[in-house]
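# Per-entry structural report
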Amino acid sequence: MTNKGAPEAQQLKNTSDPKRAGALAGARKGTQHEITGLFAGIGGLERGLHRAGHRTVLLCENDSGATAVLKARFPDVPHHNDVTKLHTLPKATTLVVAGFPCQDLSQAGQTAGISGLRSGLVGEIFRLVRQARTPWLLLENVPFMLQLNRGRAMDHITGALESLDYRWAYRVVDSRAFGRPQRRRRVYLLASLTEDPRNVLFADEAGAVLESRLNENKAACGFYWTEGIRGLGWAVDAIPTLKGGPTIGIPSPPAILLPSGEVVMPDLRDAERLQGFPSDWTKPAETVGRTGRRWKLVGNAVSVPAAEWIGRRMADPGPLLDYPVAPIDGSRWPTAAWNVGKGRVAVEASEWPVRRSYQSLSEFLKYSPRPLSIKATRGFLQRTGRSCLNFPAGFLDALRAHELRMIQTDTRATPWRLAPS
């Protein structure tokens, strides 16, 4: 499918509203964008873009805890609590950003064309940008969106963008590229009516880090203690992806096996820092709910450093680097692609556009973690007994030793502190 983007002059000619025409013209200057944030969560995209010099003019979010955070952290930005009742975007908007619910794509993938997307929340994004002819659109989601419903959901999203004359590009990016010890892979899809989005997402390339070169014997390693049968989430010198967790707000952060042999869970404030927020960024959520709900907000958030990288490239686009490309193979959506020039093509780009100075997980932890409980440790070990997974050498022995220490030590009376590694 070829790109359907109309020439910039035609875009401006088709825009009768002088303020909207001004927004389109301003969006080509590569300077400050005026942002409307949909499904804003706790403001990860917006905070990162603010750090890059852009400004938010409207936030839309319906979760009460997230709303409390947004109102406390973005006190001067107007807020709307229901995207389905948001009739139009602010006229100054040059960039719409959205980390929309992935579950909504399940329905989108079963329907045909953009008309089918209207039945879900993702369709609200297209309703608003179609009406406003917003120059830029930035979407963030989990890599699973690329394979959902055998690629049909992604086909509908990109098809909807093409029907609205957007050029689009997307890339899976790992948060570790920005120096944060969290393996967090996310799809960032950038679309534009006026410019080439490749000059933002594909102007940087650092090359992937070979996992085999990471020394798991001398580094803290993260894993999901809630799993153990089908998966482990093993991450060397990092934690696996922080997740939103169950809807009832029971926290279940990843565990960490320290070089000392201790098995701990990170403090909530360190989880916020792993996402690029200051400590206690989500504290305002406690005014409307229990502390445990903050874990869900942090797990669902967008990485601030990743958003900042995109924002800085939007302010200062770079030349497109030379990447190998090939036509997209049927329903298999690659980890990077664009539709500019020769239709939809897969791009051989790494998930590390940059490589910032990396702080080891052990050094990153600022707040004293708490030990993985006896109950959680035993449950995990029991599940591993029913598993066919190949676990890292010495890993299960370390868990059994941790369980024994927990039995022998009254951790309720003795505050837990990191032991020297």
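Residues numbered from 1 in each chain as written. Predicted model: local features only at pLDDT ≥ 70, side-chain atom pairs only at ≥ 80, totals over all residues. Heavy atoms only, no water.

## Some thoughts on the overall build of the chain
Inclusion rule: By the criteria applied, helices consist of DSSP H or I runs no shorter than four residues and strands consist of E runs no shorter than two, each listed in order from the N terminus. When a residue's accessible area, from a 1.4 Å probe over protein chains only, is under 20% of the maximum for its type it is buried; when over 50% it is exposed; and in between it is partly exposed. In what follows, a contact means two residues having at least one pair of non-hydrogen atoms within 4.5 Å. In short, Shrake-Rupley with a 1.4 Å probe defines the accessible areas, and a residue's cover is counted only from the protein chains shown.
A count of helices and strands for the chain gives 15 helices and 15 strands. The buried share of the chain, taken over its 421 residues, is 56%. Within the chain, contacts between residues at least 6 apart in sequence are counted, and of these 73% link residues at least 24 apart. Accessible surface, the chain: about 18500 Å² in total, of which carbon and sulfur atoms supply 50%.

## Description of the pattern of salt bridges
We apply this condition: Only one rule defines a salt bridge in this text: a Lys or Arg side-chain nitrogen within 4 Å of an Asp or Glu carboxyl oxygen.
Applying the stated rule across the entire model yields 23 salt bridges. Two residues, R186 and E140, come together in a salt bridge whose shortest N-O distance is 3.6 Å. In this pair, R186 sits in strand β7 (residues 185-192) while E140 sits in strand β5 (residues 136-141), placing the two residues 46 residues apart along the sequence. Here R186 and E140 have matching classes, each one buried. Across the pair R185 and E351 runs a salt bridge whose closest N-O atoms are separated by 2.8 Å. Placement of the pair is R185 in strand β7 and E351 in the loop between β14 (345-347) and α13 (361-364), with a sequence separation of 166 residues.

## Examining the pairing of β7
Test applied: What makes two strands pair is DSSP finding at least two bridges between them.
Within β7, seven of the eight residues are buried, leaving the element largely enclosed by the surrounding structure. Sheet analysis places β5 next to β7, joined by six bridges and oriented antiparallel. Along β7, the bridge assignment pairs L138 with L190.

## With respect to the environment of V69
As for its position among the elements, V69 is in helix α4 (residues 64-73). In sequence terms V69 and I42 are 27 residues apart; their C-alpha atoms lie 6.0 Å from each other. In this view, V69 contacts I42, W281, T282, P284, A285 and L297; residues no more than four positions away in its chain are not counted.

## Thoughts on the packing of aromatic side chains
Condition: Stacked, tilted and edge-to-face are the three classes applied to pairs of Phe, Tyr and Trp rings, where Trp contributes its six-membered ring and a pair requires centres within 6.5 Å; stacked means planes under 30 degrees apart, edge-to-face means over 60, and tilted covers the rest.
Throughout the structure, instances matching the rule amount to 13 aromatic pairs. Aromatic side chains F202 and Y323 sit 5.5 Å apart centroid to centroid with 80 degrees between the ring planes, which places their arrangement in the edge-to-face category. Pair noted here: F202 is in the loop between α9 (198-201) and β8 (221-223) and Y323 is in the loop between α12 (304-315) and β12 (325-327), with a separation of 121 residues, a long-range link. Across this residue pair, the class does not change: F202 and Y323 are buried.

## Observations regarding the confidence of the model for the chain
Here is the rule we go by: pLDDT gives the predictor's per-residue confidence on a scale running from 0 to 100.
Overall, the prediction assigns the chain a mean pLDDT of 87, with 83% of residues at 70 or greater. Counting interchain partners and residues more than four positions distant, the pLDDT-below-50 stretch residues 1-16 has 31 contacts.

## Section: the pairing of strand β2 (residues 55-60)
In summary, the side chains of a regular strand alternate between the two faces of the sheet. Condition: Consider the strands pointing away from the viewer: the crossover is right-handed when the path from the first strand over the helix to the second runs clockwise.
Counting buried positions along β2 yields five of six residues, so the element is predominantly enclosed. Relative to β2, strand β1 (residues 34-38) runs parallel, the two sharing five bridges. Its bridge partner lying in β2, T36 is registered against L58. Regarding the hand of the β-α-β motif, the stretch spanning β1, helix α3 (residues 44-51) and β2 is right-handed. Bridge count for β2 against strand β3 (residues 79-80) is two bridges, and the pairing is parallel. Pairing of L59 across the sheet is with H79, part of β3. Note that the unit made of β2, α4 and β3 has a crossover that is right-handed.

## Things to note about helix α7 (residues 121-132)
Rule in force here: Each residue after the first adds 1.5 Å to the expected span of a helix.
Its 12 residues give α7 an end-to-end C-alpha distance of 18 Å, which sits within 8% of 16 Å, the value for a rise of 1.5 Å per residue. The set of residues buried in α7 consists of V122, G123, E124, I125, F126, L128, V129 and A132. Downstream of α7 by one or two residues, R133 has phi in the positive range, about 55 degrees.

## Looking at the packing of α3 against α12
Spelled out, the test is: Each axis is a line fitted through C-alpha atoms, and for a helix only the stretch in contact is used; angles between axes span 0 to 180 degrees, taken between their N-to-C directions. Should an angle fall under 35 degrees it is called roughly parallel, over 145 degrees roughly antiparallel, and 65 to 115 degrees roughly perpendicular, with every other angle called oblique. Working rule for handedness: look at the near helix, and if it is turned counterclockwise from the far one by less than a right angle, call the crossing left-handed; if clockwise, right-handed. The classification used treats Ala, Val, Leu, Ile, Met, Phe, Trp, Tyr, Cys and Pro as nonpolar, Asp, Glu, Lys and Arg as charged, and all other residues, Gly among them, as polar.
Relative orientation of the contacting elements α3 and α12 amounts to 45 degrees, with a least axis distance of 7 Å. By the angle between their directions, the pair α3 and α12 is classed as oblique. The crossing of α3 and α12 is right-handed. Only V304, A307, E308, G311 and R312 of α12 make contact with α3, whose side of the interface consists of G44, L45, R47, G48, L49 and R51. In the contact of α3 with α12, the residues fall into four nonpolar, three polar and four charged.

## Structural notes on the sheet that holds strand β13 (residues 336-338)
With mixed pairing, the 10 strands of this open sheet are ordered in space as β3-β2-β1-β4-β5-β7-β6-β13-β14-β12. Each edge of the open sheet carries a strand with a single partner, namely β3 and β12.

## Focus on unusual backbone geometry
In the Ramachandran plot, R133 falls in the positive-phi region, its phi being about 55 degrees despite a non-glycine side chain. With respect to the element layout, R133 can be found in the loop between α7 and β5. Of note in this structure, D280 is not a glycine but carries a positive phi near 65 degrees. With respect to the helices and strands, the residue D280 is situated in the loop between α10 (268-274) and α11 (293-299). On the accessibility criterion, D280 (28% relative accessible area) is partly exposed.

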